[in-house]
2 protein chains.
Amino acid sequence: MTYQLHYWPTIQGRGEFVRLALEEVGAAYVDVARNGGADGGERALMADMGDPALDHPPFAPPYLVDGDLVIGQTANILLHLGLRHGLAPRDEAGRLWVNQLQLTIADLVAEAHDVHHPVGLGLYYEDQKAEAARRAEEFRTQRMKKFLGWFETVLARAPKGGWLTGTALTYADLSLFQTVEGLRYAFPHAMKRLEPKLERVIQVRDRVAERPNIRAYLASDRRLAFNTEGIFRRYPELDPA
Amino acid sequence: MTYQLHYWPTIQGRGEFVRLALEEVGAAYVDVARNGGADGGERALMADMGDPALDHPPFAPPYLVDGDLVIGQTANILLHLGLRHGLAPRDEAGRLWVNQLQLTIADLVAEAHDVHHPVGLGLYYEDQKAEAARRAEEFRTQRMKKFLGWFETVLARAPKGGWLTGTALTYADLSLFQTVEGLRYAFPHAMKRLEPKLERVIQVRDRVAERPNIRAYLASDRRLAFNTEGIFRRYPELDPA
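These numbers come from a predicted model, not from an experiment.

Here we look at the relation of the copies chain A and chain B
Turning to step 1, where the next piece is worked out: Least-squares fitting of chain A to chain B yields an RMSD of 0.0 Å, with the transformation described by 0.0 Å of translation along the axis and a rotation of 180 degrees. Taken together, the rotation angle and the small translation identify this as a two-fold axis. By C-alpha distance to the rotation axis, the residue of chain A lying nearest is Pro118(A), at 2.6 Å.
Turning to step 2, where the next piece is worked out: Looking at chain A, 100% of its interface residues are interface residues in chain B too, so the copies touch through the same face.

So this is what it looks like as structure tokens:
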């Protein structure tokens, strides 16, 4: 069975959290819109999402087609993949905890996006630079520290094993890797200041990067580069040295 | 077994989505911080959340204590309660769909909050009124319509029965009720313009309000009033007639 992943074809964005899970488990999947090229892929994605025959229309990409299932919302897709592919504990308490970790990453990701779009999702960054500068300061000096510090605490209290839940890798570890990568790209100076106190978080990042399937993926042309169209964006004025 | 709900004691906020589910099923629960009064309750909540003995510390309220489980993130709490109390389908596809609906409500709720706090979560509204006015315009004229219109489409495509998934009430219906109530409070003029095209959404709202346990809850002093400390806030300048 081949999964269909539907996401914007030119950015990592929220789709990347799903791609990492699919790549780690070696799942067969098609990244549908990328096959249509930049423009054609976007048009096809919009058309597919608006298909009136869908009983469960997604509100926004990414969404995953798994046979008859059309699953939207990143954390929801990962909940499904985690269960299918052993990327989450099988017991209820463990599943809920990994979902909670993922939803907290989703909150951080949404705030990282709001930094460059504080007053209008539909406006360009260039039309809200002053507001973005205000929002970025709080994000760099308070929110990043609070979120990443929380993950450091979670790791400090976890059973031994080096992953967020102890000895077994979960999709939340893959997502934490992606979060660190995104923040390093968008806020390199702020991260440099924070990382000395994030030893365990960075260890998770490093261990994910060394997984054979992830390493192969990151070296492939399936891994898009970060850019200033995605969720994590590098605008030097938002991250002073 | 009595649940413990931990949430800020003076606002509906995200805790209200959990309260509605608990009330609908008649679950025994204690709204812990409210027993400590406004100030004492907040202090106790902060202390409890920071307890170093917690293996699964919540990042933020609300969180629910269910025996040995400490569950954070609103949608995650509802995923748990939905399964326990028949507020979600038992099959996997149905459970995922209700979770997806709830996560989309969570996105809308986060945007409703961002309207009055576009550039700083830690700043007062009074310190970001100009930015809030810009953000509010897009929220009123585009985002509310997009989100609520999506729920109207979902209801139009659902099996007959009048709820989001057809014949059975789920926690997502309760949350849609709360969303409509919050938006009517915060953006009465914008809602008045939108509601003629949201017939099915408003029907869900009305049917939830008529559930015996919900009706009793709304008439009780357990239901806090909306106010300008919560997520949905009425600032007349953000919702012109």
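Regarding the domain arrangement of chain A
Residues and elements named next belong to chain A.
Turning to step 1, where the next piece is worked out: The domain architecture assigned to chain A consists of domain 1 (3-85) and domain 2 (92-210).
Turning to step 2, where the next piece is worked out: Here domain 1 and domain 2 have C-alpha centroids that lie 22 Å from each other.
Turning to step 3, where the next piece is worked out: Counting residues at the interface gives twelve residues for domain 1, matched by eleven residues for domain 2.
Turning to step 4, where the next piece is worked out: Elements represented by at least two residues in the side of domain 1 that touches domain 2 include exactly α1 (15-24) and α3 (74-85).
Turning to step 5, where the next piece is worked out: Counting residues per element, the side of domain 1 that touches domain 2 draws most heavily on α3, which supplies six residues.
Turning to step 6, where the next piece is worked out: Of the residues that constitute the side of domain 1 that touches domain 2, the class distribution is seven nonpolar, two polar and three charged.

Brief notes about the interface of chain A and chain B
Turning to step 1, where the next piece is worked out: The interface of chain A with chain B comprises 35 residues on the first partner and 35 residues on the second.
Turning to step 2, where the next piece is worked out: Only β4 (69-72), α3, α4 (92-116) and α5 (129-157) of chain A provide two or more residues apiece to the side of chain A that touches chain B.
Turning to step 3, where the next piece is worked out: The residue makeup of the side of chain A that touches chain B, split by class, is 16 nonpolar, twelve polar and seven charged.

Rules behind the numbers
- Residues numbered from 1 in each chain as written.
- Chains lettered and ligands numbered in written order.
- Predicted model: local features only at pLDDT ≥ 70, side-chain atom pairs only at ≥ 80, totals over all residues.
- Least-squares fit on C-alpha atoms with pLDDT ≥ 70 in both.
- Contact = placed C-beta atoms within 7 Å.
- Domains from an automatic or database assignment.
- Helix = DSSP H or I, 4+ residues; strand = E, 2+ residues; numbered from the N terminus.
- Nonpolar A, V, L, I, M, F, W, Y, C, P; charged D, E, K, R; others polar.

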